[in-house]
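# Structure at a glance
Chain by chain, the residues run as shown.
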Amino acid sequence: MAPAPILAALLLLTVRVGVGRGVAANAPPPTTGWLRGAHATFYGGADASGTMGGACGYGNLYSQGYGSRTAALSTVLFNDGASCGQCYKIACDRKPDPTLCKPGVTVTVTATNFCPPNSALPDGGWCNQQRPHFDMAQPAWEKIGSDISTGIIPVIYQRVPCVRRGRVRFMINGHDYFNLVLVTNVAGAGSIKSMDVRTSDSTDWMPMARNWGANWHSMAYLSGKRLSFRVTITDGQTLVFTNVVPAGWTFGLTFASKLQFK
């Protein structure tokens, strides 16, 4: 399936064919046991170049550190963007047909995109509202699938903690009174539950809201002020990134912290 542009907030992003419809679902917590009943397809080409962008907003997945071990999640797993950044260990399920699988191999992928239901099919296709499905970057799929010509394989999967190189990063886009903060390279649970911002001239934390994917926004006037962020990920860990954004910052810049989740 070819990517199609959609408008989210004031920015243009790319998702797999369609847009999430705000369906609430509960993804399994980190370190769940193996789950059955899912399938995996692939997209993006042999070099995974077609996976860039995506409904989580990470942009260039190589420069952000996610590489080609990524996947677009179906509605029930994507959770309207709340699952962005989560990690899943996936293996081909040999039980239905062992010839489809590479034996004894697993691959861990990061959720970076959304695989929407196919409105042309009565049941919505593989990425319908109810079915867990992974549309994996092709290099990741090839780690577990024995024959690329089959196109789809049954898989078992489990949610696992994310391991990242380096520290958490914050990229600020937007404009005065609309600050859109992309949070990347999050270890541990990988996905963010809540986020607050504080300026150096205040002692009060201001709550931020998820705008889309891994982007959180504040409507306060923050331009040029030294900023701290308080981030809670979905396993309950909270870190305070004190003065991670220096005074005099401008939109479009990325700021690396000195902290990382466990």
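Quick notes on the rules
Just so you know, the residues in each chain are numbered from 1, in the order the chain's sequence is written. This being a predicted model, a pLDDT of at least 70 is required before a residue's local features are given, and a value of 80 or more before pairs of side-chain atoms are given or counted; all residues contribute to the totals for chains, interfaces and linings. Heavy atoms from the whole structure form the basis of all side-chain values; hydrogens and water molecules are not counted. By definition, a salt bridge exists where a carboxyl oxygen of Asp or Glu is found within 4 Å of a side-chain nitrogen of Lys or Arg. Note on conventions: DSSP H or I runs of at least 4 residues are helices, E runs of at least 2 residues are strands, and numbering of each starts at the N terminus. The buried label goes to any residue with under 20% of its type's maximum accessible area, the exposed label to any with over 50%, and the partly exposed label to all in between, with areas taken from a 1.4 Å probe on protein chains only. A pair of strands counts as paired when DSSP detects no fewer than two bridges linking them. Throughout, an axis means a line fitted to C-alpha atoms (over the contacting stretch in the case of helices), and angles, computed between N-to-C directions, take values from 0 to 180 degrees. The contact criterion used throughout is that any non-hydrogen atoms of two residues lie within 4.5 Å. Aromatic pairs are defined between Phe, Tyr and Trp rings, using the six-membered ring for Trp, whenever the two ring centres lie within 6.5 Å; interplanar angles under 30 degrees are classed as stacked, those over 60 as edge-to-face, and all others as tilted. Any pair of nitrogen or oxygen atoms within 3.5 Å is treated as a polar contact; in protein, a donor-acceptor pairing is required on top of that, and neighbouring residues in sequence qualify only through side-chain atoms on both sides. What makes a nonpolar core is a set of buried Ala, Val, Leu, Ile, Met, Phe, Trp, Tyr and Cys residues whose side-chain atoms join them at distances within 4.5 Å.

The subject of this paragraph is the pattern of salt bridges. A complete count under the given rule lists three salt bridges for this structure. The partner of Asp196 in a salt bridge is Arg230, with the nearest N and O atoms 3.2 Å apart. One end of the pair, Asp196, is in strand E11 (residues 192-199); the other, Arg230, is in strand E15 (residues 227-233), and 34 residues separate them in sequence. The exposure class assigned to Arg230 is partly exposed, which follows from its relative accessible area of 29%. With a closest N to O distance of 3.6 Å, Lys225 and Asp201 form a salt bridge. Here Lys225, found in the loop between strand E14 (215-218) and E15, pairs with Asp201, found in the loop between E11 and strand E12 (206-207); they are 24 residues apart in sequence, far enough to count as distant. Since its relative accessible area comes to 56%, Asp201 is described here as exposed.

Attention shifts here to the sheet that holds strand E6 (residues 107-114). Taken in spatial order, the six strands close into a barrel running E3-E7-E4-E6-E5-E8, and their pairing is mixed. Taken pair by pair, the neighbouring strands of this sheet meet at an average axis angle of 45°, ignoring direction. One ladder, built from four bridges, connects strand E4 (residues 70-73) with E6; its direction is parallel. Counted as the bridge partner of Leu73 is Phe114 from E6.

Glancing now at the sheet that holds strand E16 (residues 238-245). In space, the four strands of this open sheet follow the order E12-E11-E15-E16, with antiparallel pairing throughout. The open sheet has two edge strands, E12 and E16, and neither has a second partner. As paired elements, E11 and E12 share two bridges and run antiparallel to each other. Bridge assignment links Asp196 to a residue of E12, and that residue is Pro207.

This part is about the environment of Trp205. Position of Trp205 relative to the elements: it lies in the loop between E11 and E12. Exposure remark for Trp205: the relative accessible area of 21% places this residue in the partly exposed category. Each C-alpha atom of the pair Trp205 and Phe229 lies 8.6 Å from the other, and the pair is 24 residues apart in sequence. Once residues lying within four places of it in the same chain are set aside, the contact partners of Trp205 are Asp196, Val197, Arg198, Ser228, Phe229, Arg230 and Val240.

Under the definition given, this model contains eleven aromatic pairs. Summarising the aromatic geometry, the rings of Tyr58 and Tyr66 are spaced 4.7 Å apart at their centres and angled 40° between planes, so their arrangement reads as tilted.

Here Thr232 lies in strand E15. As a C-alpha pair, Thr232 and Lys193 span 39 residues in sequence and 5.6 Å in three-dimensional space. Setting aside its immediate chain neighbours within four residues, Thr232 contacts Ile192, Lys193, Ser194, Gln237 and Thr238. Only 2.7 Å separates the side chain of Thr232 from the side chain of Thr238, close enough to count as a polar contact.

Quick look at the side chain of His217 now. Within the element layout of this structure, His217 appears in strand E14. In this structure the side chain of His217 is engaged in a polar contact, spanning 3.2 Å, whose partner is the side chain of Asn211. For His217, the residues in contact, after removing those within four places along its chain, are Phe178, Asn179, Leu180, Met208, Ala209, Arg210 and Asn211.

Time to look at unusual backbone geometry. Located in the positive-phi region is Asn79, a residue other than glycine, with phi close to 55°. As for its placement among the helices and strands, Asn79 is situated in the loop between helix H1 (75-78) and strand E5 (87-92). Of the residues examined, Asn79 reaches a relative accessible area of 18% and is grouped as buried. For Tyr177, which is not glycine, the phi torsion reads 70° and is therefore positive. Considering the arrangement of structural elements, one finds Tyr177 in the loop between strand E9 (169-175) and strand E10 (178-184).

Counting residues in hydrophobic clusters, the biggest one holds 31 residues, and the most contacted among them are Ile90, Phe134 and Met136. Counting only elements with at least two residues in this core, the list comes to strand E3 (35-43), E4, H1, E5, E6, strand E7 (133-137), helix H2 (138-144) and strand E8 (153-160). Per element, the largest residue contribution to this core is four residues, and it comes from E6. When neighbours within four sequence positions are excluded, Met136 is seen to be in contact with Ala40, Thr41, Phe42, Tyr43, Thr70, Ala71, Ile90, Val107, Val109, Trp141 and Ile144. If you look at the next biggest cluster of nonpolar residues, it comprises 23 residues, including Val181, Val186, Val244 and Phe255.

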